[in-house]
Amino acid sequence: MTIDKSWTQNRKRSNSVVFWQGLQSFLQMAKPHVNDRGFIRCPCNRCINSAQHQLEVLETHIHRFGFMSDYNEWIYHGENVNAASSSNVPQPNSGVHDRDEMFEVLEDIISNDAEVDQLGSQSSNVQYDDLFTALNSELYPGVSSFSSLNFLVKLMHLKVMNKWTNKSFDELLKLLKLAFPKMDLVESHYEAKRLMTKMGLGYQSIHVCKNDCALFWNENSMSETCPVCSESRWKMQEGRRTGKNTAKLMRWHRAGKSTDDNVMRHPVDGRAWKDFDRKHPEFADDVRNVRLGLAADGFNPFNNMSISYSMWPVVLTTYNLPPWLCMKPEYLMLSLLIPGPQSPGKDMDVFKMRAALLWTVNDFPARSSLSGWSGQGYKVCPTCNEDTPSMRVIGKTAYFGHRRFLPSTHRWRSNLDFDGRTERKRPPCRFSSVDIMDQLRRVKTSISGKHPNYGGVKRKCGDDELNWRKKSIFYELPYWAEIELKHNLDVMHIEKNICDSLLGTLMGDPHKSKDTDNARRDLQHLGIRSELHLYEDGNKLMKPAAEYTFSEANRRKFCRFVRLVKFSDGFAGNLSKNVAHNDSRIVGIFPPAFFDIMIHLVLHLPEEAILGGPVYMRWMYPFERNAAKPEGSISEGYVVDEALTFCSRYFDDIETRFNRPDRNDDGIHRTSRLFVFESQCKPMGKQSQVYVEKNVRDRAEFYILNNSPEIETYLK
């Protein structure tokens, strides 16, 4: 059957009935050949079959830009599909291998623009010209298996995966150009990085006043000075994208949530998520709406604690994703990098969030900066609030009124060994969102910034302000006050500090033990446990041995046990390296750090698990970063890594983050034709024969005969 194609040559497209009818017939013929996302190649004079769009966009493009004059056989749209190799059909990416993965990458990026810009303005794809030029260029004359862009992206991917330095990458490029002079390749890592940013996977560089007064952004973007304290400003760039492979995973939280109320495998199964959905049904109805978690943690980028310098990366994670992906490094977003050298402290509020934020994940000091509730003082616990059980001891504040949480009839409530008195108080009060907002209304408004004339002067909180230092900017989010779990207590830092304190006390470590001389004097002041009081023996002050510390013999036994313990791969380091050779002490498992409040915070972790779901999706382990260089290089490195991670989703011929085998990938090793003898791990060592007793052999034969499908036919 002959197809009438004369309408494609009609230049009077706007008022031509023949052109309109021909275009509609073409779209009907192409409709069965769209891909699973509803996209198909666009044969307009601008896209020339090199970009894919939805049919509605094809109709607009062809009507506006006209139909390709040399596209005579419509092989991509339903005509003569078997003639794909016909020589008179213009092929996109001519001269380059048809299966070039970068073609799909650019298709996805451009299709995002097409969905937003349905009219397809002529200037919308200008930024991709260099990318298409590299895509249509052969890497080397006569080599069609690699385009110049494909080779460069894969080379950059190897750099990121194997942590090559920029200098080593530049040296490699020089060697390649020296060995292959005709190779179409960039000259330096700087040029390669510039090409990556043209994919839209860049970042926004927004400078902040050095006194943390304001951002040079929005209405202040053209200002030459800070609107508060008259300091100077810097510059801006452009944002980032995501790909099609992530879109399906972003809907997992709807279909993947547990149907068993007793099972938690994701925050969607927690009470906080369900409560948010109940209060905001219009948000919950659209499965595409994003739920975010925010983590901020200060660190010293110079790895030198003698240098006072603190930087604060602000990282976002997306909880729409499945539990095995949402905490992976490739799905974390560095949304903001607050530069040093000083900690932002109470001025963390200079940034604003424009998303549905579930909660924050921080260590305790950062939690104080974000929430506004001080991490110091007698009322330091953010959950117990003004009812925090605490008292002053020698040199610090202690938090040990924990018997209040026991049932009223528990025998420990009447034991005098704890603090010399019985415990009759009820558990601390629970503070509702109404109570918290009432407290915040009494907090005096403070000006952000460190300038001495604009908020830089520290003020003492009034008695009616409790432990509030400020009202957090998160309360500007309309739903924030109603969220049950706003700031997660970081289990990583809590367990680190408690383990440090516990081991130090058990082992009698003079640097880490809680059983200090001042602790014994506290017992004397409270008039309890006289057998542990300090006493003088001549000119020496003696400290009696306590039952909660190991003797020398028990310390040796414990260290011997630690040296022999084995963990599954990836769950712990080699602890035996941290045990001294004389088996008498443990060194360096954790750095010396301890906060008394950490012991108290353990009481609130079970409730937070009920509210938020699994702990491993709400702690700081995935967000901890070690960086050797500050500010700019961290941002640049993160952007390049993110761009290459995006592109690597389309590669199947090299190892990427998404297809690389496990570190100890043993596979299945067939040593027999019977399924029951298939090994799930690599054999180690030399084979040896083992003689077993008859009863053991009989049981083994019974098991084999009843668990081998290969011999079932012989048993019938």
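Structure: above.
Below you will find a few notes about this structure. From a predicted model like this one, the values you see are computed outputs, not experimental measurements.

**Re the sheet that holds strand β6 (residues 312–318)**
An order of β7-β6-β5-β8-β11 is seen for the five strands of this open sheet, with the pairing classed as mixed. Looking along the sheet, the strands with just one partner apiece sit at the ends: β7 (332–338) and β11 (487–489). Looking at each pair of strands side by side, their axes are set apart by 25° on average, direction ignored. Direction of pairing for strand β5 (residues 292–296) relative to strand β8 (residues 357–362): parallel, over a ladder of four bridges. Across the sheet, Gly293 pairs through a bridge with Trp359, a residue of β8.

**Re the state of the cysteines**
Here a disulfide denotes a covalent bond joining the sulfur atom of one cysteine to the sulfur atom of another. Under the counting rule described, the total for this entry stands at zero disulfides. No disulfide involves Cys429; its sulfur sits 9.7 Å from the nearest other cysteine sulfur, which is in Cys384.

**As for the packing of helix α5 (residues 148–161) against helix α6 (residues 166–179)**
At a closest axis distance of 11 Å, the pairing of α5 and α6 adopts a crossing angle of 145°. The interaxial crossing formed by α5 with α6 has right-handed handedness. Where α5 approaches α6, its residues Phe151, Leu155, Met156 and Lys159 are matched on the opposing element by Asn166, Phe169, Leu172, Leu173 and Leu176. Partitioning the contact of α5 with α6 into residue classes produces seven nonpolar, one polar and one charged.

**Re the packing of aromatic side chains**
A full pass over the atoms with the stated rule returns 18 aromatic pairs. With 5.4 Å between their ring centres and 75° between their planes, Trp7 and Phe19 make a pair best called edge-to-face. Of this pair, Trp7 sits in the segment before α1 (17–30) while Phe19 sits in helix α1, and the two are twelve residues apart along the sequence. With respect to burial, Trp7 and Phe19 carry one shared label: buried. Residues Trp619 and Tyr621 carry aromatic rings whose centres are separated by 4.6 Å and whose planes lie at 75° to one another, so their mutual orientation is edge-to-face. Given a relative accessible area of 43%, Tyr621 falls into the partly exposed group. In this structure an aromatic cluster arises from ring pairing among Trp7, Phe19, Phe26, Phe67, Tyr71, Trp74 and Tyr76. In this structure, Lys5 is placed above the aromatic ring of Trp74, and the distance from its NZ or CZ to the ring centre is 4.9 Å. Over the ring of Tyr76 we find Arg41; its NZ or CZ atom is 4.6 Å from the centre of that ring.

**Things to note about the packing of α5 against helix α7 (residues 189–197)**
Between α5 and α7, whose axes approach to 11 Å, the crossing angle comes to 110°. Considering the angle they form, α5 stands roughly perpendicular to α7. Counting all contacts with α5, which are made through Leu149, Leu152, Val153, Met156 and Lys159, the residues of α7 involved are His189, Ala192, Leu195 and Met196. Residues belonging to the contact of α5 with α7 are distributed by class as follows: seven nonpolar, one polar and one charged.

**With respect to the pairing of β5**
Where burial is concerned, most of β5 is hidden: five out of the five residues are buried. Side chains Leu292, Leu294 and Ala296 project from β5 onto one buried face, and the interleaved Gly293 and Ala295 project onto a second face that is buried too.

**Some details on the pattern of salt bridges**
In total, this model carries 16 salt bridges according to the counting rule given. Ionic pairing is found between Arg291 and Asp277, a salt bridge with its closest N-O pair at 2.8 Å. With Arg291 in the loop between α11 (281–284) and β5 and Asp277 in helix α10 (residues 271–279), this pair connects stretches of sequence that are 14 residues apart. Glu607 serves as the salt-bridge partner of Arg430, at 2.3 Å between the closest nitrogen and oxygen. Separated by 177 residues along the polypeptide, Arg430 in the loop between β10 (396–398) and α13 (433–440) and Glu607 in helix α18 (residues 605–612) bring together distant segments of the chain. Relative accessible area serves as the criterion here: at 63%, Arg430 is assigned to the exposed category. Within this structure, Asp275, Arg278 and Lys279 form a network of salt bridges that share partners.

**Points about the nonpolar core**
If you look at the biggest cluster of nonpolar residues, it comprises 36 residues, and the most contacted ones within it are Tyr319, Trp359, Val361, Phe364, Ile597, Leu601 and Phe623. When residues of this core are traced back to their parent elements, those giving at least two are α10, β7, β8, α14 (491–507), α17 (596–601) and α18. Setting aside residues up to four positions removed in sequence, Phe623 forms contacts with Ala295, Val315, Thr317, Met327, Leu332 and Val361. Among the nonpolar cores identified, the runner-up in size contains 27 residues, and Ala296, Ala356, Trp373 and Trp480 belong to it.

**Remarks on α1**
Helix length check: α1, at 14 residues, gives a terminal C-alpha distance of 20 Å against a target of 20 Å (1.5 Å per residue), a fit within 8%. Those residues of α1 not exposed but buried are Phe19, Gly22, Leu23, Phe26, Leu27 and Ala30. Relative to the axis of α1, the buried residues are bounded by an arc of 140° and lie together on one face. Seen from the open side of α1, the exposed residues pointing more than 90 degrees away from its buried face are Val17, Val18 and Gln28. Where α1 is buried, its residues contact β1 (39–41) and α2 (55–65).

**Details of the side chain of Ser513**
Mapped onto the fold, Ser513 is located in the loop between α14 and α15 (517–526). A distance of 2.9 Å separates a polar side-chain atom of Ser513 from the backbone nitrogen of Asp515. Other than its neighbours up to four places away in sequence, Ser513 contacts Gly504, Thr505 and Gly508.

**Some thoughts on unusual backbone geometry**
Non-glycine residue Lys163 carries a positive phi angle of around 60°. Along the chain, Lys163 falls in the loop between α5 and α6. A positive phi angle is found at Leu466, which is not glycine, with a value near 55°. With respect to the helices, strands and loops of the structure, Leu466 is situated in the loop between α13 and β11.

Conventions we followed
Residues numbered from 1 in each chain as written. Predicted model: local features only at pLDDT ≥ 70, side-chain atom pairs only at ≥ 80, totals over all residues. Heavy atoms only, no water. Pairing = 2+ DSSP bridges. Helix = DSSP H or I, 4+ residues; strand = E, 2+ residues; numbered from the N terminus. Axes fitted to C-alpha atoms, helices over the stretch in contact; angles between N-to-C directions. Disulfide = S-S within 2.5 Å. Left-handed = near helix turned anticlockwise from the far one by under 90°. Contact = heavy atoms within 4.5 Å. Nonpolar A, V, L, I, M, F, W, Y, C, P; charged D, E, K, R; others polar. Phe/Tyr/Trp six-rings, centres within 6.5 Å; stacked < 30°, edge-to-face > 60°. Buried < 20%, exposed > 50% of the residue type's maximum accessible area, 1.4 Å probe, protein only. Lys NZ or Arg CZ within 6 Å of the ring centre and 35° of its normal. Parallel < 35°, antiparallel > 145°, perpendicular 65-115°, else oblique. Salt bridge = Lys/Arg side-chain N within 4 Å of Asp/Glu carboxyl O. Core = buried A, V, L, I, M, F, W, Y, C linked by side-chain atoms within 4.5 Å. Expected span 1.5 Å × (residues − 1). Arc of directions from axis to C-beta. Polar contact = N/O pair within 3.5 Å; in protein donor to acceptor, adjacent residues only side chain to side chain.

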